[in-house]
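# Structural overview for review
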Amino acid sequence: MYQNPNHRLLNQTCIVTGASSGIGKHVALAMGRDCANVVVNYISDPVTAEEVAHEIEVSDDIAKAMTFKADVSKEDQVQAMFKAAVERFGTVDILVANAGLQRDAPLHEMTLAQWQTVIDVNLTGQFLCAREALREFIRRGKRPDVSCALGKIIHMSSVHEVIPWAGHANYAASKGAIVMLMQSIAQEYAPIGVRANSIAPGAIQTPINRDAWATPEALEHLLKLIPYNRIGQPSDIGAAAVWLATDESDYINGTTLFVDGAMTCYPGFSTNG
Ligand code: NAD
């Protein structure tokens, strides 16, 4: 059924992790534009998180927003975030497990701390948030007036769930693991109405990869990897995330949506390899 594009998430609540910058910020803003209540999670930047929450509330007179500080790699903090969300908004319908980071090094020089930090945030953080979301979906039960699904989980993955990445093995390993986490959740919980999917962004212009676009030379080099010949914007991911959260994508479950300007289409082979 067609839904008003600006009201597709009416009466639903979305938690977006790592929402004070980059992709998470624009996912939060886009969810708010479609009338979802939004929990803007942050770890270190309360001022920007408040600005995002404020922007959601002023740009739409229905959506409400709250900020919540939590380290997604810490079980007690993730649980406290879901508790606060349920206290404020009644339930959680959508999780966008977006928070992530890089600690780059050649593998033979990578410290255990670099390895562990990336796995803790990018993988364990997604497990902890997805587990709390599932617990809340099951506790609350279906609301057919609001959504066909019992709940929606969107994992922020990366093209590096399929593209190996020298010098970033911890990051690529964490994103590769997201595929099996997401698909196992879909296999296990689709029968009760949960939808679990991933978004795999290509190169998106955010603070995480500033070195790759901050100078004209770096950008020119980067664009050789992107057949569509432009760097992605966080709003490209925001739009995809909202669509994945609406009933318009109700039959999409257990899959990865690549939003990458064809980066995964082996651009090196465009001139005969
Ligand atoms: P970003 O650095 O702007 O955003 C990452 C956010 O995660 C930040 O707000 C940061 O504070 C937060 N964060 C880090 N550790 C956290 C923790 N322990 N708990 C809670 N929040 C934490 O970068 P981004 O590009 O917006 O990245 C968002 C997601 O998109 C990441 O998962 C990243 O791997 C993924 N991604 C980004 C790109 C890209 O090109 N920018 C490409 C593919 C995937």
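Above this note sits the structure.
Predicted, not measured: the structure shown is a model, and the values here were computed from it. (Residues numbered from 1 in each chain as written. Predicted model: local features only at pLDDT ≥ 70, side-chain atom pairs only at ≥ 80, totals over all residues. Heavy atoms only, no water.)

### A short note on empty space enclosed by the protein
Summed over all chains, the structure comprises one cavity of 30 Å³ or more. Considering only enclosed or pocket space, the largest cavity measures out at about 30 Å³ in volume. Taken together, Gln 12, Asp 93, Arg 140, Arg 143, Val 146, Ser 147, Ala 149, Leu 150, Gly 151 and Lys 152 make up the full set of residues lining the largest cavity. Split by residue class, the lining of the largest cavity holds three nonpolar, three polar and four charged. (1 Å grid on protein atoms, 1.4 Å probe; cavity = no way out; pocket = protein on both sides within 12 Å on 5 of 7 lines; lining within 4 Å. Points joined across faces, edges and corners; volume = space filled by probe spheres on them. Nonpolar A, V, L, I, M, F, W, Y, C, P; charged D, E, K, R; others polar.)

### Some points on the site of the ligand
Inspection of the region around the ligand gives 28 residues, with Ile 23, Asn 98, Tyr 171, Ile 204 and Thr 206 positioned closest. Contact between the ligand and Tyr 171: an oxygen atom at 2.5 Å from a side-chain N or O atom of the residue. Relative to its unbound accessible area of 820 Å², the ligand is 92% covered by the protein chains. Elements supplying a minimum of two residues to the shell around the ligand: helix H1 (22-33) and helix H5 (169-189). A per-class count over the shell around the ligand returns 14 nonpolar, twelve polar and two charged. (Near = heavy atom within 4 Å. Polar contact = N/O pair within 3.5 Å; in protein donor to acceptor, adjacent residues only side chain to side chain. Areas by Shrake-Rupley, 256 points an atom, 1.4 Å probe, with all protein chains shown as cover. Helix = DSSP H or I, 4+ residues; strand = E, 2+ residues; numbered from the N terminus.)

### Re helix H3 (residues 75-89)
Under the 1.5 Å per step criterion, the end-to-end length of H3 is 21 Å for 15 residues, consistent within 8% with the ideal 21 Å. The inward-facing, buried residues of H3 contact strand E1 (13-16), strand E2 (37-42), strand E3 (65-69), strand E4 (94-97) and helix H4 (112-140). One or two steps after H3, the chain reaches Gly 90, where phi turns positive at roughly 95°. (Expected span 1.5 Å × (residues − 1). Contact = heavy atoms within 4.5 Å.)

### Notes on the nonpolar core
The biggest cluster of nonpolar side chains holds 34 residues, and the ones touching the most others in it are Ile 15, Val 39, Met 81, Phe 82, Leu 95 and Ile 153. When contributions to this core are tallied by element, the ones reaching two or more residues are E3, H3, E4, H4, H5 and strand E6 (194-201). When sequence neighbours within four positions are dropped, the list of residues in contact with Ile 15 reads Val 39, Met 81, Phe 82, Ala 85, Val 92, Ile 94, Leu 95 and Val 96. (Core = buried A, V, L, I, M, F, W, Y, C linked by side-chain atoms within 4.5 Å. Buried < 20%, exposed > 50% of the residue type's maximum accessible area, 1.4 Å probe, protein only.)

### Considering unusual backbone geometry
The backbone of Asn 11 sits at a positive phi, close to 65°, despite the residue not being glycine. Relative to the helices and strands, Asn 11 resides in the segment before E1. A positive phi angle, near 80°, is found at Asn 272, a position not held by glycine. Along the chain, the position of Asn 272 falls in the segment after strand E7 (256-259).

### Comments concerning the packing of H1 against helix H7 (residues 234-245)
Following both chains from N to C, one finds H1 and H7 inclined at 50°, their axes separated by 8 Å at the closest point. In terms of orientation, H1 lies oblique with respect to H7. The crossing of H1 and H7 is right-handed. Contacts between H1 and H7 involve Gly 22, Ile 23, His 26, Val 27, Ala 30 and Met 31 from the first element and Pro 234, Ser 235, Ile 237, Gly 238, Ala 241, Val 242 and Ala 245 from the second. Here the residues of the contact of H1 with H7 sort into nine nonpolar, four polar and no charged. (Axes fitted to C-alpha atoms, helices over the stretch in contact; angles between N-to-C directions. Parallel < 35°, antiparallel > 145°, perpendicular 65-115°, else oblique. Left-handed = near helix turned anticlockwise from the far one by under 90°.)

### Some thoughts on the packing of H4 against H5
The N-to-C vectors of H4 and H5 enclose an angle of 15°; their axes lie 8 Å apart at closest approach. Considering their axes alone, H4 and H5 lie roughly parallel with respect to each other. In terms of crossing hand, the pair formed by H4 and H5 is right-handed. Between H4, through Gln 114, Trp 115, Val 118, Ile 119, Asn 122, Leu 123, Gln 126, Phe 127, Ala 130, Leu 134 and Ile 138, and H5, the contact on the second element is made entirely by Ala 169, Asn 170, Tyr 171, Ala 173, Ser 174, Lys 175, Ala 177, Ile 178, Leu 181, Ile 185 and Tyr 189. Here the residues of the contact of H4 with H5 are counted per class, giving 16 nonpolar, five polar and one charged.

### Things to note about the pairing of E6
Burial within E6 is extensive, with eight of its eight residues counted as buried. Burial of E6 is two-sided: the residues Val 194, Ala 196, Ser 198 and Ala 200 facing one way and the residues Arg 195, Asn 197, Ile 199 and Pro 201 facing the other way are all buried. For strand E5 (residues 151-156) and E6, the ladder comprises six bridges, and the chain directions are parallel. When the bridges of E6 are listed, Lys 152 appears paired with Arg 195. Between the parallel pair E5 and E6, the chain is carried across by H5, and the sense of this crossover is right-handed. Pairing geometry for E6 and E7, over four bridges, is parallel. Note that in E7 the partner of Ile 199 across the bridge is Leu 257. (Pairing = 2+ DSSP bridges. Right-handed = clockwise from strand over helix to strand, strands pointing away.)

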